[in-house]
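# Coordinates in review
Residue strings, one per chain:
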Amino acid sequence: MRGSQVWYNGRIIAAENAKISLFTHGLHYGFGAFEGIRAYKLKRGGGAIFRLEDHLERLYDSARILDLKIPYSIDELIRATLAICKENKFEECYLRHIIFTADGPLGLNHGDNPPVDIAILAWEWGSYLGDKNVKEGARLKISSFCRPHVNSIMTKGKITGQYVVSCLAKREAISQGFDEALLLDHEGYLAEGSGENIFMVRDGIVKTTPLTSILGGITRRTVIAYLKQQGMELVETRFTRDELWCADEIFLTGTAAEITPVREIDYRVIGRGQYAGKPGPLTTQIQKDYRAITRGELKLPGGKAWLTPVK
Ligand code: PMP
């Protein structure tokens, strides 16, 4: 269910009254940035937003990459985010922050300090890749679309226009009967899913793709901190699709997808022995513990400020 109230340029208004002009520069050229954040219900009651400040920091980074100025401080955006949860009476929801070049000159040169619109929306969103896939594992396909070169997209930013490639890859995967697309980088090494980072496990060693061509996921960071605390070996390195096919376990990470196991890639069953085509033991453990971390039931070093209570 969508929240009926949105925060739009500093004010909370009914979503149906939040309109944008057809002369919106960001609509024409995809010039904007966004964030996706989750709030979770807590056992002790109430809700809390997971890693809100980290997500907002990434939004500021994205804006810097685009050379756009966010006309609000981080504290103002924190307060606005909490207000949106409260106004919509959401304790558990998905939050979307978006900033884009607003109604102004429609040439490609939008000039210095162009007008921007900024909004926060909220909706209730279950498992992004489906409850069944979260339990049993998703089926993936290496996409015919590539994650673009680091000088074609700005990988440190979550930039709206960049998602055209993700949408095309996702549509292609779904239309071929898969749940999600995996994109290779321009040199043919694994990059990430259309909206998730990827981890693989082989002989007890966990690997994830390096922060070159991928979006630096906050969930990826959480999983890395968790593995470190568990004393597990993690290698950030490039790997190929055939290495992935031979993995013992594979899982995707993302705010929307959370921890989603992968049971098949390119019609090849992932895993060996009793875990062939099933979520592996480490994936299941991380899934369970990620759930606890996001609800404040399990704390990691440095994870103190990860939960912002929705009051
Ligand atoms: N890669 C891409 C392309 C994404 O869109 C996302 C979702 N934001 C991720 C990775 C995962 O990032 P996060 O864990 O911060 O949600």
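One structure accompanies this document, and this report is about it. (Residues numbered from 1 in each chain as written. Predicted model: local features only at pLDDT ≥ 70, side-chain atom pairs only at ≥ 80, totals over all residues. Heavy atoms only, no water.)

### Topic: the overall build of the chain
Let me state the cut-off plainly: Labels follow the DSSP assignment, with helices taken as runs of H or I lasting at least four residues and strands as runs of E lasting at least two, numbered in each case from the N terminus. This radius of gyration counts C-alpha atoms alone. The globule rule is 2.2 Å times how many residues there are, raised to the power 0.38. Only protein chains enter the area calculation, which uses a 1.4 Å probe; residues under 20% of their type maximum are buried, those over 50% are exposed, and those in between are partly exposed.
Looking only at helices and strands, the chain features eight helices and 16 strands. Against the globule reference of 19 Å for 311 residues, the chain gives a C-alpha radius of gyration of 20 Å, in line with a compact fold. In terms of principal-axis extent, the alpha carbons of the chain reach across some 60 × 50 × 35 Å. Here the chain holds 311 residues, and the buried ones make up 51% of them.

### Looking at unusual backbone geometry
Phi is positive for Asp203, close to 50°, though the residue is something other than glycine. Here Asp266, not a glycine, exhibits a phi torsion of approximately 55°, which is positive. Within the fold, Asp266 resides in the loop between strand S14 (258–265) and strand S15 (268–269). We classify Asp266 as buried; its relative accessible area is 7%.

### Overview of the packing of aromatic side chains
Rule in force here: Here a Phe, Tyr or Trp ring, Trp counted by its six-membered ring, pairs with any other such ring whose centre lies within 6.5 Å, and the pair is stacked when the planes are under 30 degrees apart, edge-to-face when over 60, and tilted otherwise. For a lysine, the NZ atom is tested; for an arginine, the CZ atom; a charge sits over a ring if that atom is within 6 Å of the ring centre and within 35 degrees of the ring normal.
In total, this model carries 10 aromatic pairs according to the counting rule given. With centroids separated by 5.0 Å and ring planes inclined at 70°, the aromatic side chains of Trp7 and Tyr72 adopt a geometry described as edge-to-face. With a gap of 65 residues between them, Trp7 in strand S1 (residues 5–8) and Tyr72 in the loop between helix H2 (52–66) and helix H3 (74–87) connect regions that are remote in the sequence. For the residue pair Trp7 and Tyr72, the accessibility class agrees, reading buried in each case. Each member of the aromatic cluster is reached from another via a ring pair, and the members are Tyr94, Trp123, Trp125 and Tyr128. Over the face of the ring belonging to Trp245 we find Arg268, whose NZ or CZ atom lies 3.7 Å from the ring centre.

### Description of H3
One full turn of an α-helix is made of 3.6 residues, so residues set three or four places apart face in the same direction. The condition is simple: The length a helix should cover is 1.5 Å for every residue beyond the first.
Its 14 residues give H3 an end-to-end C-alpha distance of 20 Å, which sits within 8% of 20 Å, the value for a rise of 1.5 Å per residue. Those residues of H3 lying buried are Leu77, Ile78, Ala80, Thr81, Leu82, Ile84 and Cys85.

### Focus on the site of the ligand
Using the following cut-off: A single heavy atom is enough: if one lies within 4 Å of a molecule or strand, its residue is considered near that molecule or strand. Polar contacts, as used here, are pairs of N or O atoms within 3.5 Å; protein pairs need one atom able to donate a hydrogen and one able to accept it. Residues neighboring in sequence count only if both atoms are side-chain atoms. Only the protein chains shown count as cover for residues, and all accessible areas are computed by the Shrake-Rupley method using a 1.4 Å probe. Residue polarity is assigned by list, with Asp, Glu, Lys and Arg as charged and Ala, Val, Leu, Ile, Met, Phe, Trp, Tyr, Cys and Pro as nonpolar; anything else, Gly included, falls into the polar class.
Around the ligand lies a shell of 16 residues, among which Tyr163, Glu192, Ile218, Thr219 and Thr255 are the nearest. Between an oxygen atom of the ligand and a side-chain N or O atom of Thr219, the distance comes to 2.6 Å. The contact in question runs from an oxygen atom of the ligand to an N or O atom on the side chain of Thr255, over 2.7 Å. A total of 390 Å² of accessible area belongs to the ligand in isolation, and the protein chains cover 96% of it. Elements with a contribution of two residues or more to the shell around the ligand: H2, helix H6 (218–229) and strand S13 (249–254). Looking at the shell around the ligand residue by residue, the class counts come to three nonpolar, nine polar and four charged.

### Here's the deal with the sheet that holds strand S4 (residues 47–50)
Defined as follows: At least two DSSP bridges between two strands are required for those strands to pair. What counts as an axis is a line fitted to C-alpha atoms, over the stretch in contact for a helix, and the angles between N-to-C directions run from 0 to 180 degrees.
As summarised here, the arrangement of the seven strands in space is S2-S1-S6-S5-S3-S4-S16, forming an open sheet in which the pairing is antiparallel. Of all the strands in the sheet, the pair left with one neighbour each is strand S2 (11–14) and strand S16 (307–310). Taking the axes of each pair of neighbouring strands and ignoring which way they run, one obtains an average angle of 25° across the sheet. Summarising the sheet, strand S5 (residues 93–101) and strand S6 (residues 116–123) pair through eight bridges and their orientation is antiparallel. Following the sheet pairing, Phe100 is matched in S6 by Asp117.

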